[in-house]
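Take a look at the letters that make up each chain.
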Amino acid sequence: MSMESAGSRVFSGGIWEEKYGYARAVVVGNRVIVSGCTATVDGEVRFVGDPYGQSVTAMGIALEAVERGGLTREDVVMIRYYVVEHCHFDLVGKAIGEVFGHVRPACTGVQVAGLVDPRMLVEIEIEALRA
């Protein structure tokens with residue numbers, strides 16, 4: 001998947017972006033706000049049944065959008081994640097710790113009833129800010 005930047009918007013070409021009319025990320029001044037990312041690559045949900053693998057994939061998509069917006073992993077200040085199953089919190093947290101443990105952004109985790117595709121187990125949003 002390749003990202004495109006259009007002014008203050010970043011697009012990944014993901015199917016949901018076009019279908020629902022949103023950008024992968026929005027750049028506002030020194031801030032990059034990334035929409036919720038799942039493990040959907042080229043229209044297919046990856047790592048079905050694996051919340052850890054889905055988390056790593058979703059964060060990779062989100063970080064690519066941050067970089068296209070001109071910031072880096074070290075600029076990430078907030079992570080929000082949504083899990084469908086309570087038992088997935090630790091696996092998603094493990095993935096977040098591996099990717100962002102040295103950055104230590106703020107973080108919120110929430111259990112939800114479901115995501116747009118029932119094969120999706122986690123959705124992750126991140127915000128980055130250049131200090």
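In this report, we go over the structure that sits alongside the text. Fair warning: this is a prediction, and the values are worked out from it, not measured in the lab.

### Brief notes about the side chain of Q54
Reasoning step 1: Looking at the secondary structure, you find Q54 in helix α2 (residues 51-68).
Reasoning step 2: A distance of 3.2 Å separates a polar side-chain atom of Q54 from the backbone oxygen of F47.
Reasoning step 3: If sequence neighbours within four positions are ignored, Q54 has contacts with A39, V45, R46, F47, V48, G49, R119, M120, L121 and V122.

### Things to note about the state of the cysteines
Reasoning step 1: Taken as a whole and judged by the stated rule, the model has zero disulfides.
Reasoning step 2: Sulfur of C37: no disulfide; nearest cysteine sulfur belongs to C107 and is 14 Å away.
Reasoning step 3: A disulfide-free cysteine, C87 has its sulfur positioned 18 Å from the sulfur of C107, the nearest such atom.
Reasoning step 4: A relative accessible area of 58% means that C87 is categorised as exposed.

### Side note on the pattern of salt bridges
Reasoning step 1: Applying the stated criterion across every chain, the model contains five salt bridges.
Reasoning step 2: One salt bridge in this structure joins R80 and E127, with 3.0 Å as the shortest N-O distance. Placement of the pair is R80 in strand β7 (residues 76-83) and E127 in strand β9 (residues 122-129), with a sequence separation of 47 residues.
Reasoning step 3: Between D117 and R119 there is a salt bridge whose closest N-O contact spans 2.8 Å.
Reasoning step 4: By relative accessible area, which is 14% here, D117 ends up buried.
Reasoning step 5: When its relative accessible area of 35% is taken as the criterion, R119 is described as partly exposed.

### A closer look at the nonpolar core
Reasoning step 1: Counting 30 residues, the largest nonpolar core has V32, V34, F100, I124 and I126 as its most contacted members.
Reasoning step 2: Where this core is concerned, the elements lending two or more residues are β3 (25-28), β4 (31-37), α2, β7, α3 (89-100) and β9.
Reasoning step 3: Broken down by element, the residue count for this core peaks at seven residues, all from α2.
Reasoning step 4: What V32 contacts, discounting residues up to four positions off in sequence, is A25, V26, V27, A65, V66, G69, L71, I126, E127 and A128.
Reasoning step 5: Residues W16, V45, L115 and M120 belong to the second largest nonpolar core, which totals five residues.

### Things to note about the packing of aromatic side chains
Reasoning step 1: Here the structure, examined in full by the defined rule, presents one aromatic pair.
Reasoning step 2: Between Y81 and F89, the aromatic rings sit 5.9 Å apart at their centres with planes inclined by 70°, giving edge-to-face as the arrangement.
Reasoning step 3: Note that K94 overlies the ring of Y52, its terminal NZ or CZ placed 5.1 Å from the centroid.

### So, the packing of α2 against α3
Reasoning step 1: Packing of α2 against α3 leaves a shortest axis separation of 8 Å and a crossing angle of 40°. Judged on the interaxial angle alone, α3 and α2 are oblique. The crossing of α2 and α3 is right-handed. Across the interface between the two elements, P51, Y52, S55, V56, M59 and L63 of α2 pack against L91, V92, K94, A95, I96, E98, V99 and F100 of α3.
Reasoning step 2: Residues of the contact of α2 with α3, tallied by class, amount to 11 nonpolar, one polar and two charged.

Analysis parameters
Residues numbered from 1 in each chain as written. Predicted model: local features only at pLDDT ≥ 70, side-chain atom pairs only at ≥ 80, totals over all residues. Heavy atoms only, no water. Helix = DSSP H or I, 4+ residues; strand = E, 2+ residues; numbered from the N terminus. Polar contact = N/O pair within 3.5 Å; in protein donor to acceptor, adjacent residues only side chain to side chain. Contact = heavy atoms within 4.5 Å. Disulfide = S-S within 2.5 Å. Buried < 20%, exposed > 50% of the residue type's maximum accessible area, 1.4 Å probe, protein only. Salt bridge = Lys/Arg side-chain N within 4 Å of Asp/Glu carboxyl O. Core = buried A, V, L, I, M, F, W, Y, C linked by side-chain atoms within 4.5 Å. Phe/Tyr/Trp six-rings, centres within 6.5 Å; stacked < 30°, edge-to-face > 60°. Lys NZ or Arg CZ within 6 Å of the ring centre and 35° of its normal. Axes fitted to C-alpha atoms, helices over the stretch in contact; angles between N-to-C directions. Parallel < 35°, antiparallel > 145°, perpendicular 65-115°, else oblique. Left-handed = near helix turned anticlockwise from the far one by under 90°. Nonpolar A, V, L, I, M, F, W, Y, C, P; charged D, E, K, R; others polar.

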